[in-house]
Amino acid sequence: MTGLDDIDRRIIVATQAGLPLVADPYRAVAEELGLAADEVMRRLRAMLDAGVIRRIGAVPNHYALGYRANGMSVWDVPEADIGDLGARVGALDFVSHCYHRPRHPPQWPYNLFAMVHGRDRDEVARMVARIAALLGPADRGHEILYSTRILKKTGLRLVA
Amino acid sequence: MDALDRHIINGLQGGFPISERPYAEAAADLGIEEAELLDRLRRLTEDRLLSRFGPMYHAERIGGALTLAAMAVPEGRFEQVAELVNAKPEVAHNYARDHRLNMWFVLATEKPERIAEVIADIEAETGLAVHDMPKRQEFFVGLRFQA
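Conventions used here
Residues numbered from 1 in each chain as written. Chains lettered and ligands numbered in written order. Predicted model: local features only at pLDDT ≥ 70, side-chain atom pairs only at ≥ 80, totals over all residues. Heavy atoms only, no water. Contact = heavy atoms within 4.5 Å. Buried area = accessible area lost by both parts, 1.4 Å probe. Salt bridge = Lys/Arg side-chain N within 4 Å of Asp/Glu carboxyl O. Helix = DSSP H or I, 4+ residues; strand = E, 2+ residues; numbered from the N terminus. Pairing = 2+ DSSP bridges. Domains from an automatic or database assignment. Axes fitted to C-alpha atoms, helices over the stretch in contact; angles between N-to-C directions. Parallel < 35°, antiparallel > 145°, perpendicular 65-115°, else oblique. Left-handed = near helix turned anticlockwise from the far one by under 90°. Nonpolar A, V, L, I, M, F, W, Y, C, P; charged D, E, K, R; others polar. Buried < 20%, exposed > 50% of the residue type's maximum accessible area, 1.4 Å probe, protein only. Polar contact = N/O pair within 3.5 Å; in protein donor to acceptor, adjacent residues only side chain to side chain. Arc of directions from axis to C-beta.

## Looking at the interface of chain B and chain A
Next up, step 1: Taken residue by residue, the interface counts 75 residues in chain B and 84 residues in chain A.
Next up, step 2: Both faces considered, chain B and chain A share a buried interface measuring about 7,100 Å² in area, 59% of it formed by carbon and sulfur atoms.
Next up, step 3: Together, Ile-18, Tyr-57 and Phe-139 of chain B form the three largest contributors to the area buried by chain B at its contact with chain A, with a combined 12%.
Next up, step 4: At the boundary of chain B with chain A, the tally comes to 6 salt bridges.
Next up, step 5: Here Arg-54 of chain A makes a salt bridge to Glu-138 of chain B, at a shortest N to O gap of 3.1 Å.
Next up, step 6: Sort the elements by how many residues they give to the side of chain B that touches chain A and strand E1 (residues 50-57) of chain B lands first, with 8 residues.
Next up, step 7: By the bridge criterion, 5 bridges tie strand E5 (residues 142-153) of chain A to strand E3 (residues 91-97) of chain B in an arrangement that is antiparallel. When the bridges of E3 of chain B are listed, Lys-153 of chain A appears paired with His-93 of chain B.

See the structure below:
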């Protein structure tokens, strides 16, 4: 989005790690930035409407909630059908991210990525079997890449 | 974590109001008091059951660029390569995965042209190929983690 200005960016920097847990959090952010509370709320609403903010609420730590297995399922599906297939896979309630990405043949024949979180690998495998059933003959090959270690996780951060 | 914690986590993963007293409004929807919701959210974030509470921003719509990249790293060099890759501030996440392509990382840059520069640097420093897999399309997901 090109419509973001410096004030929007300051609001993003002030809220990207979370809202203050006080009764009037937007006023607290406004005071910290030397702005009016109405101005902060108006800009946050505009960013929400524009999709700059995906949503506002609780961001669960899925590992702490017991979702210990994280499987990146990757699929070789016909390029011509990927819009429809991706939409159907993304609609499954256990898929947390779903993307069309480029193949890198011959090492990497897969073009559809669906991230699945489960309590253990057996649960992830059952979920992936449901994706395979949904795709039917469009599934020309797939794999599950389990994460074995988090090497770095700082998240996306704008700098002030 | 008790039933009320679960109710809060499951019920508040989106739609938090933008208003003068948003916690009071959200608490009313959950059938509890504002002070109780604030206490619970403080504890859930302190205990790390929530990563945070607030807006989830969409990086590309802020003007930055993101990509997913993968490398096949020889087992004996894995730690050394991880150190080189992680040293780049543009690397936001990096995961070891059980595949021939065994290192998967997300690059996030404020300027789109920076992605190719960082990939070229990593290839030069490690002598290994980096497979760039930028998303072509993102499919809507309605996921809510059940606590």
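## Overview of the domain arrangement of chain B
Next up, step 1: Per the domain assignment, the segments of chain B are domain 1 (3-46) and domain 2 (59-134).
Next up, step 2: For domain 1 of chain B and domain 2 of chain B, the distance between their C-alpha centroids amounts to 37 Å.

## Some words on the sheet that holds strand E4 (residues 103-109) of chain B
Next up, step 1: Here 9 strands make up an open sheet; going across it, the order is E5(B)-E2(B)-E4(B)-E3(B)-E5(A)-E2(A)-E4(A)-E3(A)-E6(B) and the pairing antiparallel. Each end of this open sheet is capped by a strand with a single partner; those strands are strand E5 (131-132) and strand E6 (137-138) of chain B.
Next up, step 2: When E3 of chain B meets E4 of chain B, the two strands line up antiparallel, connected through 5 bridges. Paired with Ala-96 of chain B across the bridge in E4 of chain B is Met-103 of chain B.
Next up, step 3: Packing against the sheet, helix H5 (residues 121-135) of chain A makes contact with strand E2 (69-75), strand E3 (95-100), strand E4 (112-118) and E5 of chain A, and its axis sits at approximately 135 degrees to E5 of chain A.
Next up, step 4: Sheet strands in contact with helix H6 (residues 114-126) of chain B are strand E2 (65-71), E4 and E5 of chain B, and its direction is about 140 degrees off that of E4 of chain B.

## Describing the packing of helix H1 (residues 6-15) of chain A against helix H2 (residues 25-33) of chain A
Residues and elements named next belong to chain A.
Next up, step 1: Two elements in contact, H1 and H2, have axes whose closest approach is 11 Å; the angle formed by their N-to-C orientations is 120 degrees. On the basis of the axis angle, H1 is oblique to H2. Between H1 and H2 lies a crossing whose hand is right-handed. Each of Arg-10, Ile-11, Ala-14 and Thr-15 in H1 lies in contact with H2, whose residues at this interface are Val-29, Glu-32 and Leu-33.
Next up, step 2: Here the residues of the contact of H1 with H2 sort into 4 nonpolar, 1 polar and 2 charged.

## Observations regarding the pattern of salt bridges
Next up, step 1: Applying the stated criterion across every chain, the model contains 25 salt bridges over all chains.
Next up, step 2: We note a salt bridge from Arg-27 of chain A to Glu-20 of chain B, for which the minimum N-O separation is 2.9 Å. In this pair, Arg-27 of chain A sits in helix H2 while Glu-20 of chain B sits in the loop between helix H1 (3-11) and helix H2 (22-30), so the two residues belong to two different chains.
Next up, step 3: Taking the relative accessible area as the measure of exposure, Glu-20 of chain B reaches 35% and is therefore partly exposed.
Next up, step 4: Residues joined by salt bridges that share partners form a network here, namely Asp-2, Asp-5, Glu-36, Arg-40, Arg-43 and Asp-47 of chain B.

## Side note on the environment of Glu-143 of chain A
Next up, step 1: Position of Glu-143 of chain A among the secondary structure elements: in strand E5.
Next up, step 2: Residue classification places Glu-143 of chain A among the partly exposed positions, given a relative accessible area of 30%.
Next up, step 3: For the pair Glu-143 of chain A and Ala-69 of chain A, spaced 74 residues apart in sequence, the C-alpha separation works out to 15 Å.
Next up, step 4: Not counting residues within four places of it along the chain, the set of residues in contact with Glu-143 of chain A comprises Met-72, Ser-73, Val-74 and Tyr-110 of chain A together with His-99 of chain B.
Next up, step 5: In this structure the side chain of Glu-143 of chain A is engaged in a polar contact, spanning 3.1 Å, whose partner is the side chain of His-99 of chain B.

## Quick notes on H1 of chain B
Next up, step 1: Along H1 of chain B, the residues that are buried comprise Leu-4, Asp-5, Ile-8 and Ile-9 of chain B. Angular distribution of buried residues about the axis of H1 of chain B spans 135 degrees; they occupy a single face of the element.
Next up, step 2: Buried residues along H1 of chain B sit against strand E1 (53-60) of chain A together with H2, helix H3 (34-46) and E1 of chain B.
Next up, step 3: The N-cap of H1 of chain B, judged by a side-chain oxygen 3.1 Å from the amide nitrogen of Leu-4 of chain B a few residues on, is Asp-2 of chain B.

## So, unusual backbone geometry
Next up, step 1: The step from Pro-105 of chain A to Pro-106 of chain A runs through a cis peptide bond, and the omega angle for that step is 0 degrees.
Next up, step 2: Even without glycine at this site, Arg-48 of chain B takes up a positive phi of about 70 degrees.
Next up, step 3: Turning to its location among the elements, Arg-48 of chain B is positioned in the loop between H3 and E1.
Next up, step 4: Judged by its relative accessible area of 45%, Arg-48 of chain B is partly exposed.

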